[in-house]
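Tertiary structure, described
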Amino acid sequence: MPEWQVALLAGLPSLKRVLSVGDVEQLPPFTHLSDRGRRERPPGFLERAQGMLRQSGAPLRLLTRQFRMNREICRLVSDSFYDGRLITDETSGTARLPEFVMGGLYIAGLFWLDYTNRPPTHKLEENGLGLLEVRRVSKTDIAKDPALGKCEEYEQAVYNSFANATEIAHIVEGLELFLDSNLFVPGPQGKIVAVVTFYKQQAELLLATLEASRHAKDFAYAMEMNVLRVQTVDSSQGSEADIVILSGVRSNPEKNVGFLGTANGSKRLCVGLSRARQTLIIVGDQRTLAAPGSKLAFASLWSPGGKVGEMMPNVDSGVKLLRAFGDLARSMRGSRAREADFEAV
C-alpha cells in the first residue's frame, strides 16, 4: 500500500487497529519533497508514527530475528544500527554458509579490500567520443600530474557525483575471478553477485567498463540471467544476493564522506551493508570511510595499529583484510577441494 493511503485507511470509521511493519533504519519511500529547504528527505510515515508512539508511551516492538545475513555480517549491522539486538536464526545461519562443492570455491563472511598502500592504478579520462572511461595510470600521467603518484586521493568528481576508477578496476578483477571460478554458472557452485555503490556515476562507469572488457559477453549473459547485478544502494533496497561487493567510492585527504555523514546517509549504509546473504566484500579507502572518530558504521571494523596513524582490521569484528582480489583467490585456492585429495573407501 502506498504510504499516502495509510492516512485514508486510518480514517475509516469501522477501522479499530492499524498494524504497520517496516524498518525506520533503512530508506523511506522516495519523494520529491524536501524538508524545510534542506536536502534531507522528510521523515516517512513509520518514522512519524514511531515518534508519536514514543511520546505517548505506547509499546514499540522490534523483530529481532533475521533470516538473511550470516552471523558476521549480522553482527556488524546489528551493532551499528539496531543496538546489538538483532540475532541470526539458527537454521538460517547454517544455511547461509556456502555449500561445499568439490572443485568449487568456499568463501563466506566479511572482507575489506583496502587499496591505499599504493598510488592510484587507474583514472577516468574522456575518450574520442567525449565519454568517460577507466584507463590505467601510466608513468607519463604521473610525470604530468605528480599527485597521481601519491597514495592520497583516489576519487574523482564527475558532474554532480563522484567515481573511483581504482575501485572499479579492482571490482572488475574480482568479477573476472568469479567468472573463472564458474560462480555465474548454474549449479551448486553458482552464486548471485551484486555490486552495490552509493553513487550512480560509479555504477554507470562500472557497467560501461564491463561492457568494454574482454569478458563482455560473459558479463552480459550473467546480468541477463540475473546472477550479476550492478546497483546503487537506493535501488538495491529490498533485494539480496549471495555475495555483495560494496564500493565506497569516497577517498580524499580531508576524509569528506559527503552525504554518508547525514541521517539518510546512515540509512543508505544500513541498506548497503545488509544485502548480503553469505559474503560481504567492502572495497574502500579505510582512511576516509573509517577514520578515527568517524560515526560511520565502517569505523567499527578498524582499530588503531602499532604505528601512529596506522589502522588495522578489528579482530573482534571478524573482518578479513584484502589488498586485491588476488588475495581472495589465494585464500580460496586453499579451500579448493580436489578429487585427488580424497581416497576411495
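For the structure itself, look to the data block above.
These lines cover the structure that appears in this document, whether it is placed above or below. Each chain has its residues counted from 1, following the order in which its sequence is written. The model is predicted, so local features are restricted to residues of pLDDT at least 70 and side-chain atom pairs to those at 80 or more, both for listing and for counting; the totals for chains, interfaces and linings are taken over all residues. Values reported for side chains reflect all heavy atoms of the structure, with hydrogen atoms and water molecules removed beforehand.

Notes on the overall build of the protein
To qualify as a helix, a DSSP run of H or I must reach at least 4 residues; to qualify as a strand, a run of E must reach at least 2; elements of each kind are numbered from the N terminus. For the protein, the count of helices and strands is 12 helices and 14 strands. Within the span of the protein, comprising 345 residues, buried residues form 46% of the whole. Whether two residues touch is decided by their heavy atoms; if any such pair falls within 4.5 Å, the residues are in contact. When contacts within the protein are restricted to residue pairs at least 6 apart in sequence, those whose partners lie at least 24 apart make up 72%. All accessibility values rest on the Shrake-Rupley procedure with a 1.4 Å probe; residue burial counts only the protein chains present in the view. Only carbon and sulfur atoms are counted for the fraction: they give 53% of the accessible area of the protein, which is about 19,100 Å². Three labels apply to residues, based on accessible area from a 1.4 Å probe with only protein chains included: buried if under 20% of the type maximum, exposed if over 50%, partly exposed otherwise in between.

Description of the pairing of strand β11 (residues 276–283)
Of all 8 residues making up β11, 8 are buried, and the element is well covered by its neighbours. If you view a crossover with the strands going away from you and the path from the first strand over the helix to the second runs clockwise, you call it right-handed. Crossover strand β10 (residues 241–247) to β11 through helix α10 (residues 263–273) is right-handed.

Here we look at the pattern of salt bridges
Definition used for salt bridges: Asp or Glu carboxyl oxygen within 4 Å of a side-chain nitrogen of Lys or Arg. In this structure the tally under the stated criterion is 16 salt bridges. Between Lys 123 and Glu 125 there is a salt bridge; the shortest N-O distance is 2.7 Å. Counted as one network, the salt bridges with shared partners bring together Lys 123, Glu 125, Glu 133, Arg 135 and Asp 141.

Observations regarding the side chain of Asp 141
Here Asp 141 shows up in helix α5 (residues 139–144). Apart from residues lying up to four places away in sequence, Asp 141 is in contact with Lys 123, Glu 125, Arg 136 and Leu 148.

A few points about helix α7 (residues 200–212)
Its 13 residues give α7 an end-to-end C-alpha distance of 19 Å, which sits within 8% of 18 Å, the value for a rise of 1.5 Å per residue. Restricting attention to buried positions, one finds in α7 the residues Gln 201, Gln 202, Ala 203, Leu 205, Leu 206 and Leu 210. Given a helix with a known number of residues, its expected span is that number minus one, times 1.5 Å.

Some details on the pairing of strand β4 (residues 122–126)
In regular strands, side chains alternate between the two faces of the sheet. As paired strands, β4 and strand β5 (residues 132–136) are joined by 5 bridges and run antiparallel to one another. Following the sheet pairing, Glu 125 is matched in β5 by Glu 133. Hairpin connection of β4 to β5: 5 residues between the antiparallel strands, including Gly 130 at a positive phi of 80°. DSSP-based pairing: two strands are paired if at least 2 bridges between them are found.

Observations concerning the sheet that holds strand β8 (residues 193–197)
A sheet is described by the order of its strands in space; here 6 strands give the open sequence β9-β8-β10-β11-β3-β14, paired in parallel fashion. For this open sheet the edge positions go to β9 (228–232) and β14 (319–322), each flanked by a neighbour on one side alone. On average, adjacent strands in this sheet sit at an angle of 20° to one another, irrespective of strand direction. Both β8 and β10 contribute to a ladder of 5 bridges, which runs parallel. The residue bridging Val 196 from the neighbouring strand is Leu 246, located in β10. Helix-sheet contacts for α7 involve β8, β9 and β10, and the interaxial angle to β9 is about 150°. Each axis is a line fitted through C-alpha atoms, taken for helices only over the stretch in contact, and angles between the N-to-C directions span 0 to 180 degrees.

Some points on the packing of α7 against helix α8 (residues 216–224)
The N-to-C vectors of α7 and α8 enclose an angle of 125°; their axes lie 6 Å apart at closest approach. Taken together, the axis directions place α7 and α8 in an arrangement best described as oblique. Residues Leu 207, Leu 210 and Glu 211 of α7 pack against Ala 216, Phe 219 and Met 223 of α8. Ten residues, namely Ala, Val, Leu, Ile, Met, Phe, Trp, Tyr, Cys and Pro, are considered nonpolar, four, namely Asp, Glu, Lys and Arg, are considered charged, and the remaining ones, Gly among them, are considered polar. Looking at side-chain class alone, the contact of α7 with α8 contains 5 nonpolar, no polar and 1 charged residues. Just so you know how the angles are binned, under 35 degrees is roughly parallel, over 145 roughly antiparallel, 65 to 115 roughly perpendicular, and the rest oblique.

Here's the deal with the nonpolar core
In these notes, a set of buried Ala, Val, Leu, Ile, Met, Phe, Trp, Tyr and Cys residues joined through side-chain atoms within 4.5 Å is what counts as a nonpolar core. Core analysis: the largest hydrophobic core is formed by 38 residues, its most contacted members being Leu 273, Leu 280 and Phe 298. The set of elements that each furnish at least two residues to this core consists of α3 (71–81), β3 (109–113), β8, β10, α10 and β11. The leading source of residues in this core is α3, at 5 residues. Contact partners of Leu 280, with chain neighbours within four places excluded, come to Ile 73, Gly 109, Leu 110, Phe 111, Val 244, Leu 246, Gly 272 and Leu 273.

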